[in-house]
Amino acid sequence: MRLELIGLNHRTSPLEVRERAALSPAQIDEALHDLHDGANLEGVAILSTCNRTELYVSPRQHHEPDELRRLYCRITGLGEADVQSAYLLRDDEAMRHLVRVAAGLDSQLLGEVQILGQLKDAFTRAHDAGATNNILNKALLRAIEAGKDLRNRTGISQGAVSVASAAVQMAQRIFGSLEGRRVLLVGAGETARLAANHLKGVGVADWRVANRTAANAQVVADLLGGRVVGFPPAAADVEWADLVVSATSASEPVIGGPETLAAVRRRKRPLLLLDLAVPRDIDPGLALAGHGDVYLYTVDDFDELVAANLETREREARRAEHLAEKHVAEFSAWYRENRVAPTIQQLHAVLEELRAQEIRRNQKRFRPEDHEQLEKFSRALIRKVEGLIATNLRQASLEEDDLSMASAVVKVMAREAQDAEVQQVLEKLRQEGTH
Amino acid sequence: MDQLLYRVLPQTLLLLFGALLGIWGILVRRADLGLEKAAVRIGWIGAACLLAWLVAVTALQRQLPMLSPGQLAFFLGSLVWLGQCYAQRHVDQRLFAVLPLVGVAGLMAFGLAMGLRPGEVPTKSLLSAGAAVHVTMSLAGVALLLGCGVYASGHVILDWHIRRRRFDAWFQRLPSLGDLDRLRRLTLVTGWALVTASLLSALVWTRVRPSAEPTVISHLHPMVLLAVILAVLVVADRQRWLSAHRLAVGCVVMSGLVLALLTVSVVEIFAGRFA
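Residues numbered from 1 in each chain as written. Chains lettered and ligands numbered in written order. Predicted model: local features only at pLDDT ≥ 70, side-chain atom pairs only at ≥ 80, totals over all residues.

(A) Geometry of the sheet that holds strand β9 (residues 271-275) of chain A. Residue and element names in this part refer to chain A. Strand order in the open sheet formed by 6 strands is β7-β6-β5-β8-β9-β10, and the pairing between neighbours is parallel. Both outer strands of the open sheet, β7 (227-229) and β10 (294-298), are each paired with one neighbouring strand and no more. Averaged over all neighbouring strand pairs, the angle between strand axes comes to 20°, with direction disregarded. Relative to the sheet, helix α7 (residues 163-175) contacts β8 (243-246), β9 and β10, its axis offset from that of β9 by approximately 170°. (Pairing = 2+ DSSP bridges. Helix = DSSP H or I, 4+ residues; strand = E, 2+ residues; numbered from the N terminus. Axes fitted to C-alpha atoms, helices over the stretch in contact; angles between N-to-C directions. Contact = placed C-beta atoms within 7 Å.)

Take a look at the structure:
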């Protein structure tokens, strides 16, 4: 197989090296252009994220490790000492790594989903620059497909792994869809904004914002499309909401007191109170009030939820690794079958030319009304012969790793032994045979 | 044809639903979207096959499959699954199918074990159109109310997990409290409507064919009681007299009562005391 990879990631290199290795989109375009002109490279793609910079190449001949390191240094500007810890993988190993990256199995945060988008961008960029060949196209597309498949078929990306997203997960466990739910956001700091962004992302549209500094509350309310209410929030605001998210730096609870307690008791719908502040913002007594449908969660509870979700992801990762192997094996099978594709194309061209010649030569022996039948018959005959040979060539390549039959077919079908096209196909087969 | 409708097709259906139960059993323990989609598709195919079986058997014996305890069990199993398909169209999370499937497979296995052939029909009353209307509505109501009990159980379990911070498979896999509440309400109201209609149809039927049999009376009283309990639950739900959690507990108890009533009624009917 002609697939190679060299890269650095969070496991092999410190942040300082990764920062220097990271490439901007413009630098990637430049590097793709630069490398693709190289004599030994048929395809190039570069994946650069905050945690990894990887160079995928499809060479005519496999590189020596030092050659590949030099290529990597050339595009990233790193010194040779920096890339001594880089991983160099080829063929099935490279494909396995690519699939694991796509599925988030190689990510710092197991199962994270951003990497799939980043890989798609890397593919699109390389493809649009004309830097990929059919092997890289297939490998990258296969990996993207595998990334989706593994996420769909296992739980590696399920469950929240940050406090803000855990808060959303908890809200979804209670309400189901959050569309149409009313949220009272208390606080306008980073934690409150983060939680609000997550909630907005899942469809919450009805907001009230309360903050000690009204101007900050207004900024957040404008961002969310909500309205500002007084601080601390009135009992009526708590009664109005389905979900209260509080993250202020107040030293005393800001949501509580007899009026709020009475308001919660008046409510006849579920109420979720998310207290993301330390010290706590919400009087724990509220959880015991009301109709029995009041749920109060604090930061500690979310830490537990995040830990449980990570544990689930790790368990699911073992299954995902197993499924990843299937994708690697299928790519490998495709590759081995595909090695004889130029031979089959050559065969098709020769047979088609012979057929056309013979039709032209013998056409007048047939009545004009039979010409269409003659055309159909000759095409069907050629298709049968071609299909039979192609099947056997593919089988020999796939099952016995034997390309001698393909070489023989090319030679047998050659009209002139020195034909440039024939020589090209034979050269390709020779290269494949040596890999 | 007898062999096909009373043995081969029911056995095939039991196998199909057994396999479906196995798939959902796997899905409870691990996520697999592809498998889940396949299971949903098989579930719909199962529902279509059950409907076809109901139509064919009804055509063959000129009455719905209610002429023996085995037939009743199979009929109820079919209705439970059709009710499940109906209720689950209203919720995205489809993993809550295991309990209904246990019920469907159990009822089918019981039906097959008891024998599906009508044999000697126990009573002429069961051959009338009035009986068909009453029994069908009654069983459909029972199926939905049992489903209501299942959703309410889910609500109780998830609520317990949420309150006690147990973030295990139950917490991850059950539908949300909101969805379970919606399904519970839907099945409760529909079940109540069907049971009430069934009761009214029974009153009309007994007027047309008067019977002083004690079984009819003993069957009628608990049915009236059930309809009253259901009506109270429906009103409590609409007026929000109780919390969602307490309503769920009430529905679990109610579905237990429904199951007990159903068992008593079937035993009474087929013990031969029904005129």
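(B) Examining the pairing of β8 of chain A more closely. All names here are of chain A. Alternating positions in β8 separate into two faces, Leu243 and Val245 on one and Val244 and Ser246 on the other, with burial throughout. Pairing geometry for strand β5 (residues 182-186) and β8, over 4 bridges, is parallel. Across the sheet, residue valine 186 finds its bridge partner in β8, namely serine 246. Pairing of β8 with β9, which is carried by 4 bridges, proceeds in the parallel orientation. Paired with serine 246 across the strands is aspartate 275, a residue of β9. As for the winding sense of the linkage, the β-α-β connection from β8 through helix α11 (residues 257-266) to β9 is right-handed. (Buried ≥ 20, exposed ≤ 12 C-beta atoms within 10 Å, placed from the backbone. Right-handed = clockwise from strand over helix to strand, strands pointing away.)

(C) Focus on the interface of chain A and chain B. Each partner contributes residues to the interface: chain A has 23 residues there, and chain B has 19 residues. Among the elements of the structure, α6 (134-153), α7 and α12 (299-338) of chain A are those that each provide at least two residues to the side of chain A that touches chain B. The biggest single contributor to the side of chain A that touches chain B is α12 of chain A, with 6 residues.

(D) Up close: the sheet that holds strand β1 (residues 4-9) of chain A. Residues and elements named next belong to chain A. Here we have 4 strands laid out as an open sheet, ordered β2-β3-β1-β4, and antiparallel in their pairing. Each having just a single partner strand, β2 (41-48) and β4 (87-90) make up the two edges of the open sheet. On average, adjacent strands in this sheet sit at an angle of 15° to one another, irrespective of strand direction. Inspection of the sheet shows β1 paired to strand β3 (residues 52-59) by 6 bridges, in the antiparallel sense. Bridging across to β3, leucine 5 finds its partner in tyrosine 56. Its contacts with the sheet place helix α4 (residues 92-103) against β1 and β4, and it is angled at close to 115° to β4.

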